[in-house]
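# Results of the structural survey
Listed below, chain by chain, are the residues.
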Amino acid sequence: MSSAIWFLPVLSAILGILALPPFGYYLLGFIFLAPLFIFFLEEKSLSRLIIGTLLFRLIFLTFTVNFAFDPLLVLTSAIIFIGLPISFFAARIYLKEKIAFAGLPILWAIWDYLEAQYSFLPYFSVMAGSTLGSSPFLGLAGSGGIITLTLFIAAINALISCLIFKLINRDFKKSALTGTALIGIIIGGIIFSRYQLNQNRFFFSAEKSNLTVALLSNNEKFDEEFLQFKTDIFSEKEKKIAAYLTQNLLSRIELDLIGPKIDLLVLPEDMIDIETWNDADEEAKIKFGISNAGILIKSYRQLAKNLNTNIIAALTTFQNGKRYNSAVLFNRRGELVDVYNKSHLTIASEYWPFGDWQPFYYQYLAKITPDLGSDNVMFNPDYRYSKGSAKLLTSEEFKAGLAICIEIHYPSHLKNLKKLGAQFILNAGSNRWTTLGLKNLIELTLNFRKIEAVWLKTPIIFNGLKDYAGIIMPDGKTYLTNFESQDKNYGILVAELGDL
């Protein structure tokens, strides 16, 4: 094989990176797989097919998920994806090459999905179909979600690959037929997309919601005064200081929200990042076995009373000796009425499946950064979380499906919440851990939320630390506010779902 053909997987990776947010040149999504598909047709060696595919995937993942880059995670994910060249090679042996190539879009969709689902981190937001999340083709997600979009993209790329071959071979008649088919499919995709978005709009308007929500997002400076607390076991003096600081922060939020009628205020995950292990709230302990975070729970209860609104806040809880990433619901009377415990945990920050073993590069970091292991789940089991199970947070006024942080990247989780009767999906998150690629993470996640909202025909409301506060409607319309303003370390979006 000539050295020039090795450039094809690299070219595909570069085009794919540019097609996805934050660059967002979605039209490149229609061609970014074509060089790789041509490579598949031209290369007859299985080992070289595997090497070329790994080269493509490693470059692609390194730059698209740079915010969560880890050599172990990226490599294991790419290894899953080598099922694609192996299955294509087998199909070419046992079936005719034309049949194998015709089935390549299906094979692509299968292995793209399997990699996204079974990697240590969910990679659905960088599946091929995600290139269309902010395009006129978004409505195609209404019938099958990310899978349908990925099949559509892969089919277009396969046809473009065929067109290139026909033109190279100067078969202009078949080139014209292939080109006509391409144009027809693209126009048909736009028409069906618009139809589906209109249907979603009609479907939601028939079940109009008058729920008014306030979504708060903040930056890291918002709670920087709490960095003075060096451990999670507070002295009585520290408890008083923390309670004062908490009340001071919440009073500013209260002033901004006095006036408009609000049915639900959502606070981001770990908005105030303290756990206070030796600080229980009596009601929380009796009802749900929560033995920590009393300062936050008491403060949020009082805020709910003062604003006469329901409040959902995400924070760390200890329940019956187990540590959870939880979302708690207060009603208008300040009563703690429901708790959801995160059911999809994040590797390396919430759980670690390899016991006492760590990759050598983390062992090195632990040596040069002694504080790294003090509250890191890889080194300290006390900070590992337990899994909850999918459920709704239910009040007298609504049924909310919760997706805490990374859970928004699991379509199966959201589908389950929809089946349980969720009226909307709430994604409360935190990007506090992000040191590189924040814009990439924010835009990729926003893009993927649009696909899920259209697919489920359900509003997705969201907020977070270092993230937008926003609402995405079932027709893809999006309303956003930033997580900071010129004079504040937070931003608030207030909207009535039925009026959007």
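This text goes with the structure placed above it.
A brief report on the enclosed structure follows.

About the thresholds
Residues numbered from 1 in each chain as written. Predicted model: local features only at pLDDT ≥ 70, side-chain atom pairs only at ≥ 80, totals over all residues. Heavy atoms only, no water. Helix = DSSP H or I, 4+ residues; strand = E, 2+ residues; numbered from the N terminus. Rg over C-alpha atoms; globule rule 2.2 N^0.38 Å. Buried < 20%, exposed > 50% of the residue type's maximum accessible area, 1.4 Å probe, protein only. Contact = heavy atoms within 4.5 Å. Areas by Shrake-Rupley, 256 points an atom, 1.4 Å probe, with all protein chains shown as cover. Lys, Arg positive; Asp, Glu negative; His and termini not counted. Charge placed at Lys NZ, Arg CZ, Asp CG, Glu CD. 1 Å grid on protein atoms, 1.4 Å probe; cavity = no way out; pocket = protein on both sides within 12 Å on 5 of 7 lines; lining within 4 Å. Points joined across faces, edges and corners; volume = space filled by probe spheres on them. Nonpolar A, V, L, I, M, F, W, Y, C, P; charged D, E, K, R; others polar. Pairing = 2+ DSSP bridges. Arc of directions from axis to C-beta. Polar contact = N/O pair within 3.5 Å; in protein donor to acceptor, adjacent residues only side chain to side chain. Phe/Tyr/Trp six-rings, centres within 6.5 Å; stacked < 30°, edge-to-face > 60°.

Right, let's talk about the overall build of the protein for a bit. For the protein, the helix and strand inventory stands at 15 helices and 12 strands. For 500 residues, the compact-globule formula gives about 23 Å, and the C-alpha radius of gyration of the protein, at 25 Å, lands near that figure. Over its C-alpha atoms, taken along the principal directions, the protein stretches across nearly 80 × 60 × 40 Å. Expressed as a percentage of the 500 residues in the protein, the buried residues total 56%. Restricting to contacts in the protein with at least 6 residues of sequence separation, those with at least 24 account for 68%. When the accessible surface of the protein is summed, it comes to about 21,400 Å², and 60% of that surface belongs to carbon and sulfur atoms. The centroid of the 46 positive side-chain charges in the protein is displaced by 9 Å from the centroid of its 44 negative side-chain charges.

Take the layout of surface pockets next. Here the second largest pocket is characterised by a volume of approximately 360 Å³. Lining the second largest pocket are 14 residues, and of these K98, F101, A102, C162 and K166 sit closest to its centre. Sorting the residues of the lining of the second largest pocket by element identifies α6 (97–102) and α8 (146–168) as the ones contributing at least two each. Take the lining of the second largest pocket: its biggest share by element is 6 residues, from α8. Of the residues that constitute the lining of the second largest pocket, the class distribution is 9 nonpolar, 1 polar and 4 charged.

With 10 of 10 residues buried, strand β3 (residues 310–319) lies mostly within the body of the structure. The side-chain alternation of β3 yields two buried faces, one formed by N310, I312, A314, T316 and F318 and the other by I311, A313, L315, T317 and Q319. The pairing of β3 with strand β4 (residues 322–330) spans 9 bridges and is antiparallel. Within β4, the position partnered with T317 by the bridge is Y324. Between the end of β3 and the start of β4, which pair antiparallel, lie 2 residues, with N320 showing a positive phi angle near 50°.

What follows covers helix α4 (residues 71–81). Looking at α4, one finds that the buried residues are L73, V74, S77, A78 and F81. Buried residues of α4, viewed axially, fall in a sector of 125°; they line one side. For α4, the secondary structure elements touched by its buried residues are α3 (46–64), α5 (83–94) and α7 (104–118). Its side-chain oxygen 2.9 Å from the backbone nitrogen of L72, D70 forms the N-cap of α4.

The subject of this paragraph is the side chain of N325. As for its placement among the helices and strands, N325 is situated in strand β4. Take N325: its relative accessible area is 2%, and that puts it in the buried class. Polar contacts involving the side chain of N325 include one to the side chain of E269, which spans 2.7 Å. Each residue touching N325, except ones within four places of it in the same chain, is listed here: E269, L315, Y340, N341, K342, E350, Y385 and I404.

As a further point, take the packing of aromatic side chains. The way to describe two aromatic rings as a pair is by their centre distance and the angle between their planes. What the rule picks out here adds up to 27 aromatic pairs. A centroid spacing of 5.2 Å and a plane angle of 80° characterise the contact between F30 and F137, whose relative ring orientation is edge-to-face. Note that F30 is positioned in the loop between α1 (7–19) and α2 (34–42) and F137 in the loop between α7 and α8, a separation of 107 residues in sequence. The exposure class assigned to F137 is buried, which follows from its relative accessible area of 2%. Put simply, the rings of F32, F37, F56, F60, F81, F101 and W108 pair up and form one aromatic cluster.

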